[in-house]
Each structure stands twice: as structure tokens, then as C-alpha cells.
Amino acid sequence: MADFPTTARVVIIGGGVIGTSTLFHLARAGWKDCVLLEKNELTAGSTWHAAGNCPNFAPNWAVMNMQRYGLELYRGLADDVDYPMNYHVTGSLRLAHSKERMQEFAKVSGQARYQGLEMDILTNAEIKERHPFLETHDLAGGMWDSLDGDIDPAQLTQALAKGARAAGGHIERFCPVTSMDQDGDEWIVKTEKGDIRAEFVVNCAGYYAQRVGEMFKPFGGRTVPMVVMSHQYFLTEPIAELEAWTKEVGHKVPLVRDVDISYYLRQDKNGLNLGPYERNCKAHWVTPDDPMPDDFSFQLYPDDLDRLEFYIEDAMARLPLLGEAGIGRNINGPIPYAPDGLPMVGPMPGVKNAFEAHSFTFGIAQGGGAGKVMAEWIMHGETELDMWSVDPRRYTDYADHEYCLSKALETYGHEYAMHFPHHEWPQGRDKKHSTLQSRLQDAGAQFGAYNGWERANWFAKDGDDTSEDSTQTWDRDGPWETRIREEVEAVRDGCGMLPITGFSRIKIEGVGAKDFVDGLSASRLPALGRVSLAYFPDSRGRILTETSIMVHSDTEVGLITAATAQWHDAEIFSRQAPDGITVTDHTKAAECLLVTGPKARDILGPLVDGHDLFRPWLSASFEGTVAGQPCALIRVSFAGELGWEIHAAPDAMPAIWDALLEAGVAPFGMYALNSMRIEKGYRAWKGDLSTDYSLIEGGLDRFIKFDKPQDFPGKAALLAEKQQGRKKGFVTLVMDAGDTDAPYMAPIWHGDEIVGEVTSCAMGYRTNKCIALGMVRANLLAVGTELEVDVYGKRHKAIVQEDAPLWDPNNERIKA
Ligand SMILES: Cc1cc2nc3c(=O)[nH]c(=O)nc-3n(C[C@H](O)[C@H](O)[C@H](O)COP(=O)(O)OP(=O)(O)OC[C@H]3O[C@@H](n4cnc5c(N)ncnc54)[C@H](O)[C@@H]3O)c2cc1C
């Protein structure tokens with residue numbers, strides 16, 4: 001047996017499927033001196049369940065990518081490492097009870113095809129052909145995933161462990177990590193068997209991740225935003241009819257997910273396994289009188305079958321065979337939930353050289369891919385595909401215990417729910433308010449949450465249907481549509497205002513601050529008194545972020561960036577800042593009110609003192625007042641009209657708002673802003689702008705300054721791409737409008753081939769055109785090229801436009 005290691009390049013805490021997969025990928029990539037510490041036996045966390053379902057489907061593009069990779073790995077893993085895994089590819093059926101669900105399936109089926117998967121839409125008769133025991137008379141149809149299946153989680157973990165060991169990874173079992181310490185840049189991982197010095201550490205502690213996260217608090221860590229839910233399924237006794245059928249045809253019935261009712265139902269040996277995600281779900285270990293035990297491995301919660309009653313009855317009507325057998329065994333185990341139910345895979349917020357991969361609700365299906373993503377973060381500091389939707393930094397200070405609990409209950413109870421574009425989930429709201437909140441409410445605002453901040457999405461008028469029910473549609477048309485059009489027209493013809501609450505504000509200060517920022521950006525920094533957009537590439541020249549930037553002096557630079565980018569963007573700088581340079585967050589110091597439209601100057605004129613409203617576009621003025629309130633004016637408008645962002649202390653905002661309202665300025669919301677920014681071709685972060693695209697692919701060439709004296713990350717890659725030519729490029733498409741806007745990642749077709757994807761889409765009410773922004777192969781960028789976009793299963797004609805804004809192409813209105 002190998003000696004206990006005292007040094008390691010990477011220490012992984014936790015030997016479930018995720019930690020083991022991370023070790024496997026690191027070792028296979030040649031990182032041999034990596035150690036996994038498990039306080040118990042290698043558990044697979046879930047040795048309590050006979051088989052983990054392994055769907056390809058995930059309600060999220062990045063997760064689906066991660067999952068697809070994992071399942072590809074599983075297919076060959078048993079042979080590769082010579083360890084049998086009981087992996088059955090049974091295929092699966094998802095059942096639809098509504099037209100909207102069928103639209104969702106059509107969307108997913110299109111995306112799946114783009115990823116090289118097969119997810120086919122089925123009629124009821126076709127469902128019956130695949131699963132003769134199902135009742136289908138009341139269904140709208142279904143979706144078939146040919147690659148779905150189940151796997152033995154314990155064997156999967158052992159297979160990954162065997163592969164990892166063979167490639168040089170070290171696994172230390174029965175070795176609880178008790179605390180962390182640091183010595184310079186090195187970690188000292190303290191265990192009951194001794195200390196290990198390491199360059200990097202990874203928290204893969206599953207449902208214990210919050211507890212392990214506490215060990216990182218002295219080094220900048222936060223409370224890990226997660227909750228432990230109980231998930232139950234039961235296994236029936238063998239069913240003779242099922243056994244006979246299986247013998248006859250030689251395979252099991254496919255897995256079934258009745259997603260509108262909210263359960264999965266699959267064959268386990270000759271019995272059935274029913275697992276609901278019930279609305280009346282339960283969290284554990286969330287109150288002081290119910291503390292988390294030090295070790296719960298191999299244990300279960302007591303049975304709680306009453307909670308499942310509704311689902312059992314429904315499933316018995318769907319699959320009458322289920323009623324023919326008694327319940328054999330009930331399994332009620334812990335399952336970690338982040339507020340949105342997606343895992344946390346990436347850098348540990350606030351802590352250098354530390355990572356985390358935990359809170360997996362589908363860790364068996366996702367483990368293979370998650371290990372790959374985690375290994376990429378550790379080895380390269382970046383991932384092959386954009387993984388923002390699982391990045392731990394997507395949750396910031398607002399994600400407290402009450403938030404995590406209410407969201408986890410909501411998410412678990414709606415595990416299979418559809419996520420409609422105009423629906424805002426009701427739980428976990430009102431975490432952060434603008435000082436204008438009551439005024440916005442009075443004006444009819446319908447809110448959405450942005451990094452915990454409530455922002456107006458649209459403004460309802462008396463009689464408008466603002467119920468949650470009204471948002472259960474993929475269609476553009478809804479009570480909001482007329483209002484969005486009116487709001488846009490008010491901005492186009494007069495003047496509108498929108499509080500862009502929660503803009504993230506980052507200040508970088510110290511000797512050399514400007515040079516430091518300059519060295520990270522591909523763009524040229526603005527002169528004093530000016531504002532500009534700056535792009536920050538990763539080492540491969542891909543788009544890490546975009547910020548508004550103002551240089552106050554050589555020693556002070558201010559950045560304003562997306563609300564959701566708050567921790568992500570701050571860490572781009574804080575993780576690299578040399579001694580003497582500080583990176584501080586000033587998000588709560590000021591609020592932003594965008595005032596925009598051709599009459600903006602006339603309206604602001606009488607209210608302004610000290611600011612010159614004739615200073616040019618992209619200028620910034622810091623000394624002056626609006627309505628007697630001290631504020632800065634920045635001459636930019638994401639709506640693409642004459643306009644200013646007013647930045648003022650939160651307390652100053654109500655007086656400014658009141659004065660502008662009095663002067664006739666019309667409030668507008670984020671939906672109207674989205675429509676207008678798309679008409680201008682302005683990109684949005686983590687939609688159009690992500691690490692899936694290089695700056696050159698993103699059509700941002702004019703923001704890349706190769707002749708800057710400073711080197712910047714990704715410069716060599718971008719230069720090479722410039723010389724060789726980009727493989728794909730950003731495109732604006734005008735589409736046949738139809739009833740629905742194209743969803744994120746809708747495939748773009750050219751003839752019989754998928755040639756790209758939509759990154760955002762909306763109706764433009766100034767141009768009266770349905771506009772999609774996206775990426776297509778470089779040879780299809782010529783103006784007038786006719787493409788098609790798959791919108792919920794229907795192909796819409798889409799024509800490539802000039803590389804210029806559709807609205808006000810020469811920026812005359814902005815510069816007026
Ligand atoms: C009833 C049930 C059914 C499920 N069905 C499915 C399914 O069908 N498909 C699917 O994909 N997923 C399913 N899951 C979810 C799946 O089991 C989990 O997502 C997965 O096991 C998580 O793996 P993990 O490695 O993140 O965590 P875990 O398996 O919990 O591993 C974490 C490890 O960290 C160790 N650890 C904790 N603290 C320390 C410490 N201080 N020092 C050292 N080690 C430590 C623990 O001992 C544990 O072994 C199900 C879960 C349940 C409860």
C-alpha cells in the first residue's frame with residue numbers, strides 16, 4: 001500500500017462519483033500527483049440506489065453538453081478500465097400533456113440534434129410501440145431519447161477510481177479532512193492521518209459541501225449556497241407480466257418520465273422503480289434543532305410514502321402494471337440542491353487556488369462530464385465550453401439560507417417544469433431593492449430578479465393580466481407585448497427611463513492600476529472623462545467579459561458591468577492583482593437610471609446643473625446635479641437613442657425619478673430594453689458574449705487593439721485567428737416572425753445542415769422585425785444569405801443582415 005502522501009498538486013475532498021471523476025480526468029491528463037481524500041469508503045454517495053438514471057436531456061445547454069460528454073465516456077469506460085458497470089442503454093420516453101410541453105420537446109430535440117444526439121418527437125402510437133404497457137389516450141405526444149439508460153453508481157465510481165489509480169492518481173480512504181490552512185500560496189490540508197501540502201484543493205463533498213466550505217471561510221470563502229433535500233423512490237416486487245415480456249423481447253421497457261406530473265418510472269430487474277419530484281417536498285438539516293450528523297454515509301431517512309401518494313396513484317393509472325405489485329423497498333436519501341438545481345462546478349468564490357464541484361442533483365448522469373470540466377478549471381483556469389450556468393460565482397451575497405431553502409423547495413417541486421421566457425419564479429424574491437422600488441410598484445412594474453435585485457421587466461396597466469398563469473407560454477404574445485411596444489415607442493418618440501438596478505461596480509486602485517487593467521483587456525482604455533466598452537479575453541482569445549470602463553487617473557479605474565457578473569468580473573482582477581493594487585466592490589454605493597429618447601436632452605436640460613448635455617457620446621461627467629441631487633452623467637444608452645445613465649447615491653434617486661416623471665418621462669422595463677438593444681446589435685453577456693466565442697468570432701474586431709503597448713491574454717491566439725480567418729462569425733438575422741421568438745441556442749440551418757445557433761432573439765418594435773443574433777459558419781456571413789432558424793420545431797426563414805445596427809445604423813440618434 002502506498003504511503004500517506006504529504007504533498008500533492010491537487011487535493012480533492014470527497015470520494016463520491018464527482019471527486020473520483022475529477023481525479024480520473026486529472027490523472028488521465030498527466031497530472032499524476034493528485035490525491036483524493038474520502039472520509040469513508042468510496043461511496044458513490046448513492047450506494048443506496050441500485051441504478052442512477054442517465055438522461056441526456058438537461059434543461060440547460062451547458063449542462064446538456066457536460067452530460068453528453070459524460071455519457072460518451074461511460075459507454076467505453078468499462079472496457080477501458082476493465083471494470084464492469086452494469087450500464088443499460090434502455091432509451092427513455094418523456095410524456096407531454098400539453099401543446100407547450102410538445103413545443104419544449106421540439107426545442108430540445110433541435111438542440112440535441114445540434115449536439116449529435118437523437119431525441120425524436122413521438123406520437124401516442126409511437127410511444128405505445130416502444131412501451132406497450134403505458135396508457136397514452138390522454139397524452140399530447142412524447143419525446144424519445146435513444147441514449148438514455150441506467151448505470152450502477154457504485155460500480156461507476158469504482159471504475160473511475162480504478163482508471164484514476166492506474167493513471168497515477170492516489171486515493172486515501174477513511175481520511176476525513178478536518179480543516180484547512182495556508183502557507184504562502186500553498187494549502188495545508190489537515191486530516192486525521194496527517195497534513196498534505198497542495199497547490200490546489202477541490203471541494204467535492206456532495207451534500208457535505210456546505211460544511212467543508214466552512215473550512216475555507218478564513219481564506220475568503222462564503223457559506224456555500226445549498227440545501228439538502230430528501231429524494232425518495234420505491235422499488236416494487238417483481239411483476240410476472242413484465243418479466244415474461246422482458247424475456248420474450250430480450251430487453252427492458254424504456255425509462256419513462258411523466259414530466260408534467262413530475263416523476264420517473266423505470267424497470268429495475270423485473271420490478272418497477274418510481275421516483276417522484278413531489279411539490280410537497282422536504283428539506284433536511286435546515287433548522288438548528290435538526291443538525292446535520294457528522295457522518296450519514298450509507299444511511300437513509302425514514303420512509304415518507306404519504307408524500308408520494310398522489311404520484312403513485314397517477315403512475316398506476318399511466319402504467320397499470322405498477323398496481324399489480326407490492327412495494328418492495330423504499331429509498332429516501334439526501335440530495336444536495338443549489339437554489340436553481342444546477343450543480344456548482346468552478347472556482348471557489350473568494351478563495352484563490354480552490355475549486356468546487358458539488359450540489360449535483362443528477363451526479364450520476366453528470367459525473368463523467370463534471371470531472372472533465374473540473375479538471376479543465378484546475379489545469380488551465382478555463383474550460384473548453386462555456387460553463388457559466390454551473391459556475392459557483394453565479395450566486396452572490398443575496399443567496400442566504402432563507403433564499404436557498406425557499407428556492408430549493410421550489411426547484412425540487414418543479415424539477416421537470418418548463419422555463420417559459422416571460423415567467424419569473426416566485427420564490428426567493430425581494431432580496432435587494434432599488435430605492436425606487438415603491439415608485440416602480442406604483443407605476444405597475446412587473447419585476448424580475450437580476451443577481452437578487454428586483455428590476456422592472458415591463459409596466460402593466462389597469463386590467464392587464466399579471467397572473468403567473470398568463471406567463472405559461474412560449475409565445476411572444478401575452479399581456480406584456482402591447483406594453484413593451486408602447487414602452488419602446490415612448491423611448492423612440494420621446495423619452496423613457498429605466499432603473500438598471502444592481503449594475504456591478506468595481507474599483508481598481510493603487511500605483512499602476514490603469515496599466516494593470518490595460519494589460520488584461522484587448523481594448524484601448526478611454527481617455528479621462530470618457531467611457532468605453534472594454535473586452536477581456538481569456539488565454540484563447542475568447543470573451544471572458546465586457547465592461548464599461550472609466551479611467552479616473554493612473555491609479556484609479558472604475559468598471560461597470562452586468563449585475564450577474566458581480567463576483568465573476570471582480571475575480572478577473574482580484575485574482576491577478578499585484579501587491580499594492582486593490583479591487584473593491586462598490587455596487588451598493590450608487591444606482592443607475594437610464595434616461596433615453598430623442599427628447600432626453602430637452603427634458604433633462606432644465607433639471608441639470610453643472611453637467612454639460614452637449615458633451616459628446618461616450619463622455620462622462622462627474623460634477624453636477626439632476627433635480628438638485630449630486631450625480632454623474634454618462635452619455636451612453638443601451639437602447640440606442642440619445643441618452644444618459646444617471647449614476648447617483650441610492651438616496652438621491654427618488655427625487656431624480658420624481659422630477660423626471662413630473663417632466664413626462666415614461667418608465668420602461670427590461671423587456672423593452674432587450675428588444676431595443678437587439679435592434680442595435682448590442683450583445684448581452686453570457687448570451688451573445690461567452691467563452692464559447694472568441695472576440696473575432698464575436699465580431700468585436702474594432703475593440704481589439706493589437707498595437708497596444710501592453711500584451712494582453714489571448715493576443716497570440718487572436719492574432720493567429722486573424723491571420724487564418726475565423727471559422728464562425730456573429731450575425732444579425734431578420735426572421736419570419738411567427739408567434740414565438742427563437743430560444744437561446746435554437747439551431748440555425750442552411751439546407752440540410754445545422755450551421756450555427758441563435759444567441760438572442762426578440763421582436764424589434766422600432767424596426768417591426770423579428771431579429772435574431774447568433775453565430776454561423778464564416779462562409780455564410782454574406783449579406784442576404786438565406787438561412788433557417790428552428791423555433792420550437794418549426795423552421796423560420798432568416799436572412800443575414802449587414803454588419804451594422806438595424807436601427808439607426810450610423811448612430812445618428814445616439815450622437816445627436
Ligand atoms: C434516492 C436518490 C436517487 C438518485 N437518483 C439519481 C439518478 O437516477 N441519476 C443521477 O444522476 N443522480 C441521482 N441521484 C443523485 C446522485 O446520487 C448525486 O448527485 C451524486 O451521488 C452526488 O455525487 P457527489 O460525488 O457530488 O457526492 P457524494 O456521493 O455525496 O460524495 C461526497 C463524498 O464526500 C465525502 N466527504 C464529505 N465530507 C468529507 C470530509 N470532510 N473529508 C473527506 N471526505 C468527505 C463523503 O463521505 C462522500 O463520500 C440520486 C440521489 C438520491 C438520494
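Placed above this text is the structure.
So, a few notes on the structure that sits alongside this text. Here the structure is a predicted model, which is why all the values come from computation and not from measurement.

### Comments concerning the overall build of the chain
Here is step 1: Helix and strand counts for the chain come out as 19 helices and 41 strands.
Here is step 2: Taking 2.2 N^0.38 as the reference for a compact globule, 816 residues should give roughly 28 Å; the C-alpha atoms of the chain span a radius of gyration of 27 Å, in line with that estimate.
Here is step 3: Principal axes of the C-alpha set define a box for the chain whose edges measure 85 × 65 × 60 Å.
Here is step 4: Burial status across the chain gives 62% buried among its 816 residues.
Here is step 5: Within the chain, contacts between residues separated by at least 24 positions form 72% of all contacts whose residues are at least 6 apart in sequence.

### Remarks on the pattern of salt bridges
If charged atoms from side chains of opposite charge come close, those side chains can pair.
Here is step 1: Tallying each qualifying case throughout the model produces 53 salt bridges.
Here is step 2: Between D150 and K252 there is a salt bridge, and its shortest N-O distance comes to 3.3 Å. Here D150 is found in strand 8 (residues 149-151), whereas its partner K252 is found in the loop between helix 7 (240-249) and strand 14 (255-258), with 102 residues between them in sequence.
Here is step 3: D150 gets classed as buried once you look at its relative accessible area, which sits at 3%.
Here is step 4: A salt bridge links D493 to R492, with the nearest nitrogen and oxygen atoms 2.7 Å apart.
Here is step 5: The class of D493 is partly exposed, set by a relative accessible area of 41%.
Here is step 6: When salt bridges with common partners are traced through the structure, they connect D391, R393, E571 and R575 into a single cluster.

### Overview of the packing of helix 1 (residues 17-28) against helix 9 (residues 363-380)
Here is step 1: Two elements in contact, helix 1 and helix 9, have axes whose closest approach is 7 Å; the angle formed by their N-to-C orientations is 45°. Considering their axes alone, helix 1 and helix 9 lie oblique with respect to each other. Crossing handedness for the pair helix 1 and helix 9: right-handed. On the side of helix 1, the interface is formed by V17, I18, S21, T22, H25 and L26, while helix 9 contributes G363, I364, G367, G368, A370, G371, K372, M374, A375, I378 and M379.

### Regarding the packing of aromatic side chains
Here is step 1: A full pass over the atoms with the stated rule returns 29 aromatic pairs.
Here is step 2: Between K372 and the ring centre of Y69, over which it is positioned, the NZ or CZ distance is 5.1 Å.

### Brief notes about the sheet that holds strand 24 (residues 504-509)
Here is step 1: Taking strand neighbours across the sheet as the criterion, the five strands line up as 25-26-27-24-28 in an open arrangement whose pairing is antiparallel. Strands with a single pairing partner mark the edges of an open sheet, and in this sheet they are strand 25 (532-537) and strand 28 (582-585). Averaged over all pairs of adjacent strands, the angle between their axes in this sheet comes to 30°, without regard to strand direction.

### Details of helix 16 (residues 653-662)
Here is step 1: Taken as a whole, helix 16 has its buried residues at M653, P654, I656, W657, A659 and L660.
Here is step 2: G664 lies just past helix 16 and shows a positive phi near 95°.

### A look at the sheet that holds strand 40 (residues 786-791)
Here is step 1: Spatially, the six strands close up into a barrel ordered 36-39-38-37-40-41, and their pairing is antiparallel. Strand after strand, the sheet turns through a mean of 40° between neighbouring axes, direction not considered.
Here is step 2: Sheet topology note: the strand 37 (residues 747-750)/strand 40 ladder contains two bridges and is antiparallel. Looking at the pairing, I748 lines up with V789 of strand 40.

### Comments concerning the environment of V551
Here is step 1: In this fold, V551 is placed in strand 26 (residues 543-553).
Here is step 2: Sequence separation between V551 and H611 is 60 residues, and the spatial gap between their C-alpha atoms is 19 Å.
Here is step 3: Those residues in contact with V551 that sit more than four places away from it in its chain are K514, L525, P526, L528 and E556.

### Some details on the nonpolar core
Here is step 1: Core analysis: the biggest nonpolar cluster contains 49 residues, and L733, M735 and V789 have the highest contact counts within it.
Here is step 2: Elements with a contribution of two residues or more to this core: helix 12 (479-493), strand 29 (591-596), helix 17 (670-679), strand 36 (728-735), strand 38 (753-764), strand 39 (769-777), strand 40 and strand 41 (794-800).
Here is step 3: The dominant element in this core, judged by the number of residues it contributes, is helix 17, at five residues.
Here is step 4: Of all hydrophobic cores here, the second largest spans 45 residues; its members include L77, A159, V202 and V345.

### Notes on the pairing of strand 14
Here is step 1: In strand 14, alternate side chains face the same way, and those of L255 and R257 on one face and V256 and D258 on the other are all buried.
Here is step 2: Here three bridges tie strand 14 to strand 15 (residues 263-268), and the two strands are oriented antiparallel to one another. Note on strand 15: the bridge partner recorded for R257 is Y264.
Here is step 3: Here strand 14 folds back onto strand 15 in antiparallel fashion, the turn holding four residues, of which S262 has a positive phi close to 100°.

About the cut-offs
Residues numbered from 1 in each chain as written. Predicted model: local features only at pLDDT ≥ 70, side-chain atom pairs only at ≥ 80, totals over all residues. Heavy atoms only, no water. Helix = DSSP H or I, 4+ residues; strand = E, 2+ residues; numbered from the N terminus. Rg over C-alpha atoms; globule rule 2.2 N^0.38 Å. Buried < 20%, exposed > 50% of the residue type's maximum accessible area, 1.4 Å probe, protein only. Contact = heavy atoms within 4.5 Å. Salt bridge = Lys/Arg side-chain N within 4 Å of Asp/Glu carboxyl O. Axes fitted to C-alpha atoms, helices over the stretch in contact; angles between N-to-C directions. Parallel < 35°, antiparallel > 145°, perpendicular 65-115°, else oblique. Left-handed = near helix turned anticlockwise from the far one by under 90°. Phe/Tyr/Trp six-rings, centres within 6.5 Å; stacked < 30°, edge-to-face > 60°. Lys NZ or Arg CZ within 6 Å of the ring centre and 35° of its normal. Pairing = 2+ DSSP bridges. Core = buried A, V, L, I, M, F, W, Y, C linked by side-chain atoms within 4.5 Å.

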